[in-house]
Each structure stands twice: as structure tokens, then as C-alpha cells.
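Listed below, chain by chain, are the residues.
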Amino acid sequence: MLDKRFIRDNPDAVKEAVRVKGVGLDVDELLALDETTRKLQHELDQGQARKRTLSKGFAKADATQREELRAESNELDAQLKQFRDALDESNARLTDLLLITPNIPWDEAPVGPDESANVTIKTWGQRPEFDFPPLDHVELAEKRGWAEFARARKVAGERAYALTGDLVLLERALHSYALDLLTTKGFTPISVPALVKEAPLVGSGMFPKGREETYELPADNAFLAGTAEVALVGLHSGEILDKNRLPILYAGISPCFRREIGSASRDVRGLLRVHQFEKVEQFVLCEADAAESARWHAELLASAERILQDLGLHYEVVECATGDMGLGKFRMNDINTWFPSLDMLRETHSCSTLHDWQARRANLRYRDAEGKVRFVHTLNNTAVATPRLLAAVIENYQTKDHEVRVPEVLRPYLGNRELL
């Protein structure tokens, strides 16, 4: 959410953000509603002040004056009710518009409508070369008895899966390795609820736009979160943190759930795009300083790259275009990892800086060195998300005997086994 004062002072910048991010928002309507709301609030304040004056005068008035004051007070009560009703309606509509107002994107972000405008800024590693016909991860897992797809679909429907045996252990190794790495970098491992209320979904920016992608549990007035970021945003909502506590670094681990409504024919085979998955999420709360945010963005991106480099996987880093980065992002970099079965790179990580856009929605604040209360800056990036990254590992490390070489960095978590 942007500061209303900022929107008033910078309408052209907001309109440009709306244009380049492809958001259906009329900024002039928002500004008109803001003006109407402020006028109504002024009228209400004036009426309430007059009401207090009448109350004080009533005690000193004679009988005739009291009748006059009572009549004026009754008329004023009716007016105040009208002002309150109009103000409630205006505020509700203004809030709706503010919740879909995009953050101002980074000046150097590519301008374009979607991921087709993303720009590759770095590549690392080499694609594996096979002297045999490689299998995709579904064939490999089924041949080794490492996954149940048909039986899982019988239980849970399309895009369900059940990992078994060594593939479960390899998945656990990936998460344990990521948590250990982040711990050495000062991140606090934290397991967070996947079952969340609506407020943290709004606060994180997942709602209102992403509501149709979210599993809802109406009987419990709750939802299943699509990322640990939702709960991590909500943890400190409403608090005023001391500056000395910042930055707060979390390595959040949780199951994640996404309906994936808009991906009916894209990457739906096997483990690539599923409804339930596991993720370790990097999350940062830092001071409201652009340079500090930029530093942490680089740190989060470097950690994700370190993970892929330690795993020996070929990848690219892309600068995401304005139309691909979403409402709240100031800057976003995706990392796409090589999948031999697809003969292409696919997203495995997404690094985002949101400045105070998220914090204003979630009321995440701190008191700076001068004692001023300010909104924090928030950032996030994937560390490990499985089973997609798991699929990349087994495809890239398969042998002609349909075994999988264990990446060296994961061997300590698997009894130093070299092959699965």
C-alpha cells in the first residue's frame, strides 16, 4: 500500500506505475475519493465539536434555551449519522482502491506486460551432457519406485503426488542443507502456520488479487497459505519494533498450497507445478532505507545462487519486467534452473524487494534512532522449494542405469551416499 500523501503529491508517478504494471486502477477516482473522504471527516469533526459545545451549554441554559439546544442537538445527530454513513462508504471504497494501488517499480526494471519482457542478467554453469537417452523426472521416479502419481491422484485429485523411499530422503536433505546454510548467515529458522486468517493475506499483498488462487476453509474462516511469507509478514503485525532489533532475518519453513488456476496446460507433468509443496523462504525486515533494502536484496539473491551453485545446477538470473513483478514489488529477480526433460530453464526462485508497501498494509513498524515511528522495509526470496527443485536435481544427476548421483553438498545428510 502506498502512503496517501505520496499519491496526492505524485499522481503522475502512480499513474505510470499503474500503466507499466497493467493494473486496472483509475488514479483520478482514487484521488477524488481521497478528497471526498477528507472533506467528510472534516465535516464530521466539526459536527462533533459543535455537539460538545451544545452539551456544555445545556447545563447553564434556562428552559427556553434548553429546548432550542435540544432541537439543534437532535438535528445535528441526524447530520452526524449521515456524515458517518457517507464516510464509512467512502472509506471502504478508498481502501479497496488503495489495496490494488501498485508500488512504484525500480527505475531500471524492464518495462513490459509479462515475463516475455524479462531480461537475463547472469548465467552460471553448464547444461549436463548425457551419453544415453535421459529420462524425465516422472519416468525416473516411477522406474525407481520413488513416487506414486496415479495412487496419489486417486486420493487427492489432479497434480497430487506421493514421494517414497530415497526421494523423500533427498527432499529432506535439500531442506536441511538450505536451513543450515541460512543459519550460518544469521537467519533464524522458523516453522510457521500454513493455516492463516485473512488479515495476513491482505497484509502480505496476496489479497485481494490472489484470492482465487488460494484455498479457502469457510467453516473455519481461514485459508491455506501459498508461501511462508504470509505468516512471516503477520508475525509482527501491529508491533512497534526497536531499531536495535533490525534487521530481522527469518528462514521460514512450511507446507504451501496453491490452486494454480491459470496454469491448466503449463508444466503440469509430475512434480513441476503442484497444488501442495514444501518451501524454505528467506524473509527480511529491515530499516526504511533504500540502500539497506538494496543490500539485502543482493544478499538474498546471493544465497539462492549459492544453493544452486553448491548443487551444481545450471541457471540464469533474470531482471523481471514491470508487468511480471506484481503489485507490491519494487524490484524482482527470478532464477530459472535447467530442466533436461523440458530442454529449457524454469523458475525455481523469486527474489523481491517491496520497500514499505507490504509494511503499510500489515502495520509493520519500528522506532528509529530519533524516536520516530516508521514502517519497515520487507524482502523475500526462495531458498528451496520442492518438489520442483527436487525434480531438477534428479534429472540433472541421473545415470544411464537410472540411478541418481547425489550432489556432494547433500551427501552428509544421506549417510555420505554417492548414489541413489
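That block above? That's the structure.
The numbers attached to residues start from 1 for each chain and follow its sequence in the written order. In keeping with the predicted nature of the model, local features appear solely for residues at pLDDT of at least 70, side-chain atom pairs appear and are counted solely at 80 or more, and the whole-chain, interface and lining totals rest on all residues. Side-chain metrics rest on all non-hydrogen atoms present in the structure, leaving aside hydrogens and water.

## Some remarks on the overall build of the protein
Thought 1: Runs of E in the DSSP output that reach at least two residues are strands. Runs of H or I that reach at least four are helices, and both are numbered from the N terminus. From N to C terminus, the protein includes twelve helices and 16 strands.
Thought 2: Each principal axis of the C-alpha atoms in the protein carries an extent, and together these give about 105 × 45 × 40 Å.
Thought 3: When contacts within the protein are restricted to residue pairs at least 6 apart in sequence, those whose partners lie at least 24 apart make up 72%.
Thought 4: In this tally, Lys and Arg are treated as positive and Asp and Glu as negative; His is ignored, and so are the chain termini. Lysine's charge is taken at NZ, arginine's at CZ, aspartate's at CG and glutamate's at CD. Measuring between centres, the 55 positive side-chain charges of the protein sit 3 Å from its 67 negative side-chain charges. Only heavy atoms enter the contact rule, under which two residues are in contact if any of them lie within 4.5 Å.

## So, helix α12 (residues 388-396)
Thought 1: Only protein chains enter the accessibility calculation, which uses a 1.4 Å probe; a residue is then buried when its area is under 20% of its type maximum, exposed when over 50%, and partly exposed in between. In terms of burial, α12 is largely enclosed, as nine of its nine residues are buried.
Thought 2: All buried positions along α12 are accounted for by Arg388, Leu389, Leu390, Ala391, Ala392, Val393, Ile394, Glu395 and Asn396.

## Some thoughts on the sheet that holds strand β10 (residues 276-286)
Thought 1: Here, any two strands with at least 2 DSSP bridges between them count as paired. Strands sit in the order β1-β11-β12-β13-β16-β10-β9-β4 across an open sheet of eight strands; the sheet is mixed. Strand pairing shows two members of the sheet lacking a second neighbour, β1 (119-124) and β4 (188-191), which therefore form its edges. Along the sheet, successive strands turn relative to each other by an average axial angle of 25°, direction set aside.
Thought 2: Inspection of the sheet shows strand β11 (residues 315-319) paired to strand β12 (residues 331-339) by five bridges, in the antiparallel sense. Orientation is described by lines fitted to C-alpha atoms, with helices fitted over the stretch in contact, and by angles between N-to-C directions that extend from 0 to 180 degrees.

## Considering the packing of aromatic side chains
Thought 1: Stacked, tilted and edge-to-face are the three classes assigned to paired rings of Phe, Tyr and Trp, where Trp is represented by its six-membered ring and a pair needs centres within 6.5 Å; plane angles under 30 degrees give stacked, over 60 edge-to-face, the rest tilted. Under the definition given, this model contains three aromatic pairs.
Thought 2: Ring geometry for Trp124 against Tyr315: centres 5.7 Å apart, planes inclined by 20°, an arrangement best described as stacked. Placement of Trp124 in strand β1 and of Tyr315 in strand β11 is noted, with a sequence separation of 191 residues between them.
Thought 3: By relative accessible area, Trp124 is classed as partly exposed at 29%.
Thought 4: A residue is classified by how much of its surface remains accessible, and Tyr315, at 0% relative accessible area, is buried.

## Observations concerning the pattern of salt bridges
Thought 1: Here, a salt bridge means any Lys or Arg side-chain nitrogen found within 4 Å of an Asp or Glu carboxyl oxygen. The full count for this structure, using the stated rule, is 22 salt bridges.
Thought 2: Salt-bridge contacts for Asp136 lead to Arg269; the nearest nitrogen and oxygen are separated by 2.5 Å. Of this pair, Asp136 sits in the loop between β1 and α5 (137-144) while Arg269 is found in the loop between β9 (248-257) and β10, placing the two residues 133 residues apart along the sequence.
Thought 3: Judged by relative accessible area, which is 12%, Asp136 ranks as buried.

## Observations concerning the pairing of β11
Thought 1: Extensive coverage of β11 is indicated by the burial of five of its five residues.
Thought 2: Burial along β11 is two-sided: Tyr315, Val317 and Glu319 and Glu316 and Val318, pointing in opposite directions, are all buried.
Thought 3: Pairing of β1 with β11 involves five bridges; the strand directions are antiparallel. Residue Lys122 lies in a different strand from β11, and its bridge partner there is Val317.

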